[in-house]
Amino acid sequence: MATTPDTLIEYPCDFPIKIMGAMHDDFAQVMVELVIQHDPDFDAGKVEMRPSSKGSYLGLTVTVRATSREQLDNLYRALSSHPMVKVVM
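What comes next is a walk through the structure. Since the model is a prediction, treat every value here as computed from it, not as a measurement. (Residues numbered from 1 in each chain as written. Predicted model: local features only at pLDDT ≥ 70, side-chain atom pairs only at ≥ 80, totals over all residues. Heavy atoms only, no water.)

**With respect to the side chain of Q71**
With respect to the secondary-structure elements, Q71 resides in helix α2 (residues 69-81). Here Q71 falls in the buried class, since its relative accessible area comes to 11%. Those residues in contact with Q71 that lie beyond four places of it in its chain are H38, D39, R65 and A66. (Helix = DSSP H or I, 4+ residues; strand = E, 2+ residues; numbered from the N terminus. Buried < 20%, exposed > 50% of the residue type's maximum accessible area, 1.4 Å probe, protein only. Contact = heavy atoms within 4.5 Å.)

**Remarks on the side chain of T61**
When you line up the elements, T61 lands in strand β3 (residues 57-66). Using a relative accessible area of 6% as the deciding quantity, one classes T61 as buried. A distance of 3.0 Å separates the side chain of T61 from the side chain of R50, its partner in a polar contact. In contact with T61, not counting residues within four places along its chain, are P16, I17, K18, K46, V47, E48 and R50. (Polar contact = N/O pair within 3.5 Å; in protein donor to acceptor, adjacent residues only side chain to side chain.)

As structure tokens, then:
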């Protein structure tokens, strides 16, 4: 009987995460600090930022170096539970 892996992701890998939140001066910096807690080598210079058409929201794409499913799960939990974050994909 063949076993199926828990994930289709092969670690380590670069893994993009999209974060959406209300437009706020500190949003990007706060998210970068949170990401660094889970990926200490994260390069904050590679954060992609896109404001919404009306400027009410800011979308960020951060590409982390994923080393395990546990790391990604913990990062997703930290991001999605943060009060400034509306959506994490």
